[in-house]
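Analysis of the macromolecular model
These are the residues of each chain, in order.
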Amino acid sequence: MARRDWIWDGGRASVDLVNTLRDRKTGARELLDDTDALAEWLRLAKLTEHGEVTAKHLDAIRGLREAVDRVLRGELADADIAVLNAWAARHHQPPLQLRLTPQREPVAYVPTPEDAVASALGAVAVDAIELLLESPTVRICAAETCGLRFVDRSPARNRQWCSMARCGNRAKARQHYARRKTT
Ligand SMILES: [Zn+2]
């Protein structure tokens, strides 16, 4: 069971990470507020279930998160790019191994990286770099109080809401109500 109201509508791990600082338009709410929260986020984001999350990792990911946000919004500051590159360099993908079950069936085995948490943070940095190079449209939800980021993959590149269920329907209901009031 997740303890926090994580949202996974960003479309990419790096954008989902940015969205762990919630309500950015209205003062901001930190969801990565302790090491347990970060361990949970890394597990639910399918980045790693291994390694001990420390206060240093927590500090690091908050810094990485804000660098990712600025870079994906097109602010390409040298300092932020250095942060992304430094973390990307710590991503370590151990080579795939072949193992046999007791019945001698072949199965894949992927060893856990030595510093699994740092490697997972690195994976998020790599994701952000790849996303930037794919030149996608990263948008900020149009709802007044939302501020969530998402990758716009709509054909016309005109998606407005982080999710229809959350902000889209609310906005439609408001428009409907406003129309009814004027007629
Ligand atoms: Zn929204």
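- The name an unreviewed UniProt entry gives the protein is CGNR zinc finger domain-containing protein, with Allokutzneria multivorans as the organism.

Describing the packing of helix H2 (residues 35-44) against helix H3 (residues 55-72)
- Relative to each other, H2 and H3 sit at 65 degrees, their axes nearing to 9 Å. Comparing the axis directions of H2 and H3 gives the class roughly perpendicular. The crossing of H2 and H3 is left-handed. For the pair H2 and H3, the contacting residues are Thr35, Leu38 and Trp41 in the first and Ala55, His57, Leu58 and Ile61 in the second.

Looking at the nonpolar core
- Leu32, Trp41, Leu42 and Leu121 are the most contacted members of the largest nonpolar core, which has 33 residues in total.
- Breaking this core down by element, the ones donating at least two residues are helix H1 (13-18), H2, H3, helix H4 (78-88) and helix H5 (116-133).
- For leucine 121, the residues in contact, after removing those within four places along its chain, are Leu42, His57, Ala60, Ile61, Leu64 and Trp87.
- Counting 10 residues, the second-largest nonpolar core is a separate cluster that includes Phe150, Trp161, Cys162 and Ala171.

Brief notes about the side chain of arginine 24
- Mapped onto the fold, arginine 24 is located in the loop between strand S1 (21-22) and strand S2 (29-30).
- A distance of 2.9 Å separates a polar atom in the side chain of arginine 24 from a polar atom in the side chain of glutamate 66.

With respect to unusual backbone geometry
- The backbone phi angle of lysine 46 is positive, close to 60 degrees, even though this residue is not glycine.
- Tracing the chain through its elements places lysine 46 in the loop between H2 and H3.
- Even without glycine at this site, arginine 104 takes up a positive phi of about 65 degrees.
- The topology assignment puts arginine 104 in the loop between strand S3 (97-100) and strand S4 (106-109).

Here we look at the coordination of the zinc ion
- The protein atoms donating to the zinc ion are Cys141 (SG), Cys146 (SG), Cys162 (SG) and Cys167 (SG), with metal-donor distances spanning 2.3 to 2.4 Å.
- Taken together, the 4 donor atoms coordinating the zinc ion span angles of 106 to 116 degrees at the metal, a pattern that classifies the geometry as tetrahedral.
- If you list the donors of the zinc ion from N- to C-terminus, the spacing comes out as C-x4-C-x15-C-x4-C. Each member of the pair, cysteine 141 together with cysteine 146, is buried.

Notes on the UniProt feature "domain: Zinc finger CGNR" (unreviewed entry) in the protein
- UniProt annotation of "domain: Zinc finger CGNR" (unreviewed entry) refers to residues 138-180 when read in the numbering used here.
- Here residues 138-180 runs as 40% helix and 16% strand, with 34 Å between its end C-alpha atoms.

A short note on H3
- Here H3 contains 18 residues, and its C-alpha end-to-end distance of 26 Å stays within 8% of the 26 Å for a straight helix at 1.5 Å per residue.
- Burial in H3 covers these residues: His57, Leu58, Ala60, Ile61, Leu64, Arg65, Glu66, Ala67, Val68, Asp69, Val71 and Leu72.
- Positive backbone phi, approximately 95 degrees, marks glycine 74, located one or two places after H3.

As for the side chain of aspartate 69
- Residue position: aspartate 69 is located in helix H3.
- A distance of 2.9 Å separates a polar atom in the side chain of aspartate 69 from a polar atom in the side chain of arginine 149.
- Leaving out residues up to four positions away in the same chain, aspartate 69 has contacts with Val18, Arg24 and Arg149.

Points about the pattern of salt bridges
- Taken as a whole and assessed by the stated rule, the structure comprises 19 salt bridges.
- Residue glutamate 66 pairs with arginine 24 through a salt bridge whose shortest N-O separation is 2.9 Å. Residue glutamate 66 is found in helix H3, and its partner arginine 24 is found in the loop between S1 and S2; the two are separated by 42 residues along the sequence.
- Salt bridges sharing partners connect three or more residues here, namely Arg24, Glu30, Arg62, Arg65, Glu66, Asp69, Arg73, Glu75 and Arg149.

What counts, and where the lines are drawn
Residues numbered from 1 in each chain as written. Predicted model: local features only at pLDDT ≥ 70, side-chain atom pairs only at ≥ 80, totals over all residues. Heavy atoms only, no water. Axes fitted to C-alpha atoms, helices over the stretch in contact; angles between N-to-C directions. Helix = DSSP H or I, 4+ residues; strand = E, 2+ residues; numbered from the N terminus. Parallel < 35°, antiparallel > 145°, perpendicular 65-115°, else oblique. Left-handed = near helix turned anticlockwise from the far one by under 90°. Contact = heavy atoms within 4.5 Å. Core = buried A, V, L, I, M, F, W, Y, C linked by side-chain atoms within 4.5 Å. Buried < 20%, exposed > 50% of the residue type's maximum accessible area, 1.4 Å probe, protein only. Polar contact = N/O pair within 3.5 Å; in protein donor to acceptor, adjacent residues only side chain to side chain. Donors = N, O, S within 2.8 Å, 3.2 Å for Na, K, Ca; no water. Tetrahedral: all angles 85-135°; square planar, octahedral: opposite > 155°, others 65-115°. UniProt positions renumbered as here; feature names shortened; annotations may be inferred. Expected span 1.5 Å × (residues − 1). Salt bridge = Lys/Arg side-chain N within 4 Å of Asp/Glu carboxyl O.

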